[in-house]
Amino acid sequence: MTPKYDAIVIGAGIVGAACARELHQAGMNVVALDAFKVGCGTTGGSMGHVVVMDDSDAQLHLTSLSRDLWKNLAEEHAEAVEYNPCGTIWVAADEEEMEAVHSKARNYLDHDISVQVLDASSLYSLEPNLREDLKGGLRVVDDCVIYPPYSSRLLLEGIELRENSRVTRILPHQIQLEDGTTLESDIVINACGAAAPQITPELPIQPRKGHLVITDRYPEFCRHQLVELGYLKSAHKMEKESVAFNIQPRLSGQYLVGSSREFAGWDDGVNRSVLGRMLSRACHYMPKLKDLMALRSWTGFRPATPDKLPLIGQWPQVAGLYIAAGHEGLGITSSLGTARLLADEILGRKPAIDPAPYRATRILENPPE
Ligand SMILES: Cc1cc2nc3c(=O)[nH]c(=O)nc-3n(C[C@H](O)[C@H](O)[C@H](O)COP(=O)(O)OP(=O)(O)OC[C@H]3O[C@@H](n4cnc5c(N)ncnc54)[C@H](O)[C@@H]3O)c2cc1C
């Protein structure tokens, strides 16, 4: 007999895992499927920085809701998710960036986000390994770090999981697997990240490649997630290639160093030229980084949408289908807020925040050129 579920979640990355958990907690009979393993897609190759971003009001509302949800979950399961409440410091290199620090601080404070403007001497007392001519920074106190693959597993606890189960087709209230099996469900959620268009071809999501490097253990070399203010330009502009300084302390005493953005299709090879530029940029901000031993580098694919916001909600082209994909460089952060909004829509609850800016159907109304 064909199994019948209330909801099938396709994709067990952080977004699918969060959606499965939210619906399971609401009492639904949920199964999560993945073509490979839990967290083996972009989630497994990411940094795990849970960060409030204010590129737009919509981004700020979703990341702020999500960060609050992460704080609650991570404080309760600190060890399981490798929770590090280190905060973020946005580093200002010149007076123009210091102006940006002040305007960002005003915006955050207007939204009750706790921040501290740092002058140069306070910045160096917190992070003595930064280069000497910086002007200051903005400390976002409650940003934190989690370990995404373990967090995805935690979110899926108690939920039926089918790994090595690739979905090849989504039909009304039904999916087909590669091995010919058919599963039925009232609701199907496409949470396949950058691969979401492979089974919902109209979705305008492109893989945006990024590199990371992990170092050996050097406890206390850096204590906060440090990001240059120029990162915002790099993330925002849809340039073919860009790099920005971004470093993260792991609880192990290691450091993750990023970041790069590149449109290179699905080529997952390390691009030595981009990697070289990324590391030079990092050493420009933290000259002593060049004395640290790098252990490994890898790439991952951010699921990028044309308007830089995720696609969350019903997809009326196929009965029963919902989308939760397209989170670009903020999917770890935004996963819990996405799941909350999706469940609010499915269950007819009052939405936690205005869902309109993220509705998947916006791209049917205004298709990308
Ligand atoms: C270098 C880098 C650093 C990053 N750092 C951060 C960060 O610090 N903070 C942050 O918030 N975000 C960060 N991101 C972004 C974040 O990693 C992504 O937005 C997020 O992981 C997307 O999660 P997802 O669940 O949508 O996709 P994925 O993690 O890719 O999960 C999709 C899953 O779907 C499965 N799948 C695909 N097709 C099928 C199919 N047909 N059938 C069944 N299963 C299928 C895949 O196997 C995969 O497991 C970073 C990204 C990169 C590349």
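This one's a predicted model, so the numbers in the text were calculated from it and none came from an experiment.

Engineer: So what's going on with the site of the ligand? Residues and values would help.
Structural biologist: Around the ligand there are 43 residues in total, and Gly11, Gly13, Gly41, Gly193 and Gly331 lie nearest to it. If you list the elements that add at least two residues to the shell around the ligand, you get helix H1 (14-25), strand S12 (206-215), strand S16 (294-304) and helix H8 (331-347). Residue classes in the shell around the ligand are distributed as 20 nonpolar, 19 polar and four charged. Three or more residues apiece are contributed to the shell around the ligand by two domains, here domain 1 (4-45 + 148-203 + 307-365) and domain 2 (85-143 + 206-304).

Engineer: Account for the domain arrangement of the protein chain, naming residues and giving values.
Structural biologist: Interfaces are often described in size by the accessible area the parts lose on coming together. Domain parsing of the protein chain yields domain 1 (4-45 + 148-203 + 307-365) and domain 2 (85-143 + 206-304). Once you take the C-alpha centre of each, domain 1 and domain 2 turn out to be 29 Å apart. Contacts between the two partners involve eleven residues from domain 1 and, on the opposite side, eleven residues from domain 2. The class makeup of the residues in the side of domain 1 that touches domain 2 is three nonpolar, seven polar and one charged.

Engineer: Tell me what's going on with the packing of H1 against H8, and back it up with residues and numbers.
Structural biologist: Taken N-terminus to C-terminus, the directions of H1 and H8 make an angle of 35 degrees; their axes are 8 Å apart at the nearest point. In this structure, H1 crosses over H8, and the sense of that crossing is right-handed. Residues Ile14, Val15, Ala18, Cys19, Arg21, Glu22 and Leu23 of H1 touch H8, and the partners they reach there are Gly331, Ile332, Ser335, Leu336, Thr338, Ala339, Arg340, Leu342, Ala343 and Ile346. Split by residue class, the contact of H1 with H8 holds eleven nonpolar, three polar and three charged.

Engineer: Requested: an account of unusual backbone geometry, with residues and values cited.
Structural biologist: In this chain, glycine 258 is followed by serine 259 through a cis amide linkage whose omega measures -5 degrees. Tracing the backbone through its elements, the reader meets serine 259 in strand S15 (residues 255-262). Phi is positive for lysine 308, close to 65 degrees, though the residue is something other than glycine. Exposure remark for lysine 308: the 18 C-beta atoms within 10 Å place this residue in the partly exposed category.

Engineer: Outline the pairing of strand S4 (residues 88-92), listing residues and values.
Structural biologist: The element S4 is extensively covered by neighbouring structure, given that five of its five residues are classed as buried. In S4, alternate side chains face the same way, and those of Thr88, Trp90 and Ala92 on one face and Ile89 and Val91 on the other are all buried. Of the strand pairs in this sheet, S4 and strand S6 (residues 136-140) are connected by five bridges, and their pairing is antiparallel. Considered in S6, the bridge of isoleucine 89 is made with arginine 139. Bridge analysis of S4 against strand S13 (residues 225-228) gives four bridges, and the strand direction is parallel. When the sheet's bridge partners are listed, threonine 88 is paired in S13 with glutamine 225.

Engineer: Could you give an account of the sheet that holds S15, with specific residues and numbers?
Structural biologist: Neighbouring strands of a sheet are bound in pairs by backbone hydrogen bonds; such pairs are parallel or else antiparallel. Here we have eight strands laid out as an open sheet, ordered S5-S6-S4-S13-S14-S15-S12-S16, and mixed in their pairing. Of all strands in the sheet, those bounded by a partner on one side alone are strand S5 (115-119) and S16. If you compare each strand with its neighbour and ignore which way they point, the axes differ by 20 degrees on average. Two strands pair when backbone bridges link them, and S13 and strand S14 (residues 241-249) are joined in this way by two bridges, in the antiparallel orientation. Within S14, the residue paired with valine 227 across the bridge is asparagine 246. Here helix H3 (residues 95-110) sits on the sheet in contact with S4, S5 and S6, set at roughly 20 degrees to S6.

Rules behind the numbers
Residues numbered from 1 in each chain as written. Predicted model: local features only at pLDDT ≥ 70, side-chain atom pairs only at ≥ 80, totals over all residues. Near = placed C-beta within 6 Å. Helix = DSSP H or I, 4+ residues; strand = E, 2+ residues; numbered from the N terminus. Nonpolar A, V, L, I, M, F, W, Y, C, P; charged D, E, K, R; others polar. Domains from an automatic or database assignment. Contact = placed C-beta atoms within 7 Å. Axes fitted to C-alpha atoms, helices over the stretch in contact; angles between N-to-C directions. Left-handed = near helix turned anticlockwise from the far one by under 90°. Buried ≥ 20, exposed ≤ 12 C-beta atoms within 10 Å, placed from the backbone. Pairing = 2+ DSSP bridges.

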